[in-house]
Amino acid sequence: MKDAILACFLEAGDRFVSGEEISRKLDVSRTAVWKHVQELKKRGYRFESSPHKGYRLTGRPDGLTAEAIRLAAGPVSILHDVIVMDEVDSTQTVGHRLAAEGAPHGTLVTAEAQTAGKGRMGRTWLSPAGKGIWMSLLIRPPLPVSLAPQMTLVAAVALCRALRRETGADIGIKWPNDLLSADGRKLCGILVESVGEDERVRHMVVGVGIDCHLEEKDYPPELAGKATSLYLLTGRRFDRAALAGAFLKEFDALYRLYFAEGFDPIRTLWESLSVTIGRRICHRSADRLTEGVAERMDERGGLVVRTDSGEHVTLLAGEIACM
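On a predicted model such as this, the values are computed, not experimentally measured, just so you know. (Residues numbered from 1 in each chain as written. Predicted model: local features only at pLDDT ≥ 70, side-chain atom pairs only at ≥ 80, totals over all residues. Heavy atoms only, no water.)

Attention shifts here to the overall build of the chain. The helix and strand tally for the chain stands at nine helices and 16 strands. Relative to a compact globule of 323 residues, whose C-alpha radius of gyration would be 20 Å, the chain shows 22 Å and is just as compact. Overall size of the chain, expressed as C-alpha extent along the three principal axes, is 80 × 45 × 35 Å. Looking at the 323 residues of the chain, the share that counts as buried comes to 48%. Contacts in the chain between residues far apart in sequence, at least 24 positions, make up 63% of those at least 6 positions apart. The averaged location of the 43 negative side-chain charges in the chain is 4 Å from the averaged location of its 43 positive side-chain charges. (Helix = DSSP H or I, 4+ residues; strand = E, 2+ residues; numbered from the N terminus. Rg over C-alpha atoms; globule rule 2.2 N^0.38 Å. Buried < 20%, exposed > 50% of the residue type's maximum accessible area, 1.4 Å probe, protein only. Contact = heavy atoms within 4.5 Å. Lys, Arg positive; Asp, Glu negative; His and termini not counted. Charge placed at Lys NZ, Arg CZ, Asp CG, Glu CD.)

Strand order in this open sheet of five strands is S15-S14-S13-S12-S16, and the pairing throughout is antiparallel. In this open sheet, the two edge strands, each paired with only one partner strand, are strand S15 (312-315) and strand S16 (320-322). Looking at each pair of strands side by side, their axes are set apart by 40 degrees on average, direction ignored. Inspection of the sheet shows strand S13 (residues 289-297) paired to strand S14 (residues 303-307) by five bridges, in the antiparallel sense. Residue pairing in the sheet places Arg296 in a bridge with Val304 of S14. (Pairing = 2+ DSSP bridges. Axes fitted to C-alpha atoms, helices over the stretch in contact; angles between N-to-C directions.)

The next subject is the side chain of Asp178. Relative to the assigned elements, Asp178 resides in strand S9 (residues 178-181). Within the structure, Asp178 has its side chain in polar contact with the side chain of Lys186 (distance 3.1 Å). (Polar contact = N/O pair within 3.5 Å; in protein donor to acceptor, adjacent residues only side chain to side chain.)

Turning to helix H6 (residues 149-167), a few remarks are in order. With 19 residues, H6 ought to run about 27 Å at 1.5 Å a step, and its terminal C-alpha atoms sit 28 Å apart, in line with that. Phi turns positive, to about 75 degrees, at Gly168, one or two residues after H6. (Expected span 1.5 Å × (residues − 1).)

Bringing the pattern of salt bridges into the picture now. The final tally for this structure, using the stated rule, is 23 salt bridges. Where Glu21 meets Arg15, a salt bridge forms, and the shortest distance between an N and an O atom there is 3.5 Å. With a relative accessible area of 29%, Glu21 lands in the partly exposed category. Residue classification places Arg15 among the partly exposed positions, given a relative accessible area of 43%. Note that Arg165 and Glu250 form a salt bridge whose closest N and O atoms lie 3.1 Å from each other. One end of the pair, Arg165, is in helix H6; the other, Glu250, is in helix H8 (residues 240-261), and 85 residues separate them in sequence. Using a relative accessible area of 9% as the deciding quantity, one classes Glu250 as buried. A single network of salt bridges, built from pairs that share partners, joins Arg161, Arg165, Glu166 and Glu250. (Salt bridge = Lys/Arg side-chain N within 4 Å of Asp/Glu carboxyl O.)

Our focus in this paragraph is the environment of Asp170. The residue Asp170 is located in the loop between H6 and strand S8 (171-174) in this model. Taking C-alpha positions, Asp170 is 9.4 Å from Asp183, a pair spaced 13 residues apart along the chain.

A large share of S14 lies buried, amounting to four of its five residues. Between S13 and S14, which pair antiparallel in sequence order, lie five residues; one of them, Gly301, sits at a positive phi of approximately 110 degrees. The sheet contact formed by S14 and S15 spans four bridges and is antiparallel. Residue pairing in the sheet places Leu303 in a bridge with Leu315 of S15. The hairpin turn running from S14 into S15, its antiparallel successor, is four residues long, and Gly310 in that turn takes a positive phi close to 95 degrees.

Mean pLDDT over the chain works out to 92, with 98% of the residues at or above the 70 mark. Per-element mean pLDDT across the chain ranges from 78 in strand S6 (residues 124-125) up to 98 in helix H9 (residues 264-273). (pLDDT = per-residue confidence, 0-100.)

Turning our attention to the side chain of Ser136. Mapped onto the elements, Ser136 comes out in strand S7 (residues 132-139). Residue Ser136 is classed as buried on the basis of its relative accessible area, which comes to 1%. At a separation of 2.6 Å, a polar atom in the side chain of Ser136 contacts the side chain of Gln92. Aside from chain neighbours lying at most four places away, what touches Ser136 is Thr91, Gln92, Thr107, Leu108, Val109, Val205, Val206 and Gly207.

Moving on: the packing of aromatic side chains. A complete count under the given rule lists seven aromatic pairs for this structure. Taking 6.4 Å as the distance between ring centres and 75 degrees as the angle between the ring planes, the aromatic pair formed by Phe47 and Tyr55 counts as edge-to-face. Summarising the burial analysis for this pair, Phe47 and Tyr55 share the class buried. Considering the side-chain rings of Phe251 and Tyr255, the 5.9 Å spacing of their centres and the 50 degrees angle between planes classify their relative orientation as tilted. Linking Phe251 with Tyr255, this pair stays in helix H8, spanning four residues, or about one helical turn. Of the two residues, Phe251 and Tyr255, neither departs from the other in class, the shared state being buried. A cation sits over an aromatic face here: Arg237 above Tyr231, 4.3 Å from the ring centre. (Phe/Tyr/Trp six-rings, centres within 6.5 Å; stacked < 30°, edge-to-face > 60°. Lys NZ or Arg CZ within 6 Å of the ring centre and 35° of its normal.)

This is the structure we're talking about:
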C-alpha cells in the first residue's frame with residue numbers, strides 16, 4: 001500500500017494531494033493514508049502539508065530504496081525482486097551467489113558502495129558510497145552459450161538510450177559496451193558474466209556501474225582525464241533510483257525485442273549510438289595487432305574492421321583503442 005500511496009504523490013508532481021482523494025482512489029481510509037505517509041517520512045521522504053490541501057511531496061531519500069527503484073521501473077517483466085545493500089565486495093559476486101541458491105530471473109542487487117567492484121578485463125571499478133549506481137541483474141535467458149555475448153550489447157544499448165533520455169547528455173557506445181562522453185571519457189561500464197551447462201545459459205549476471213555524482217577529487221591519478229561522471233558532464237545531480245528504473249525499463253523493452261525479432265534490430269540501434277563505427281581503431285590480441293577503420297557490426301556482434309591492407313577482420317572480443 002505504501003508503494004501505491006507514494007505513486008499517487010509521484011504522479012501529482014508539485015500538486016497537493018488530499019487524503020480524501022487518495023482514500024477514494026485506493027479504497028482505503030484517510031487514517032490509513034495518514035499512517036502510511038508517516039511511514040514514508042521515516043524512510044526519508046519529505047512532505048509539505050496543508051489543512052485544506054493535503055500533502056505535497058517535496059523530497060526523496062538520497063539513498064537507493066527498493067520501492068523507489070520499483071516505482072521508477074514501472075511494471076516490467078524483467079524485474080522480480082530488488083535487494084538493496086549498504087556495502088558489498090561486488091554486486092556481481094552477490095548475484096552469482098543468489099543464482100546458485102536458486103534466486104529467480106529478474107533479481108536485482110544494488111549497493112551504496114562496493115569495496116571490490118568488478119570491471120572488464122579483470123579490472124576493479126571505483127564505487128564510492130552514494131556517488132553512483134552499482135547494480136547487478138540476475139537473468140535466466142533461454143540462450144545457447146554461443147549467443148551470450150549479444151546480451152552485453154543489448155544492455156549497452158539500453159543503458160545508453162536510458163541515460164541520453166534522462167540526462168540529455170551526449171553519450172555514445174565504444175565497442176563493445178563502454179559508455180563514453182562526447183570528449184571520450186568513460187562514464188559507465190557494463191560487465192555481463194554467464195554460467196552455462198550443456199551449451200545452454202544457466203544464468204547471467206548483468207553488472208552496471210554508472211558514475212553519477214563523482215567529482216574530480218574522487219578519482220585516483222590513474223583515472224584523471226579518462227573517467228567522468230554525470231555530475232561533471234552536466235553540472236546537475238540526478239535521482240539515482242530514477243536512473244536505475246529508466247535502465248530497467250529500457251532493458252526490459254529491448255530484451256523482449258531481442259527474443260521477438262532477433263539480434264538485427266539491436267545491432268541497428270547499437271550502430272546508431274556507436275562512437276566506434278567510422279573511426280580508426282587499434283586492437284591487440286595475443287598473436288596479432290589489428291589497425292584499421294571500424295566499418296560495422298556483424299550479425300553476431302563482432303566488429304568488422306577494414307585494415308590498411310584492405311583485408312576485413314572481425315573482432316569478437318577484447319578491447320580497442322580509438323585513434
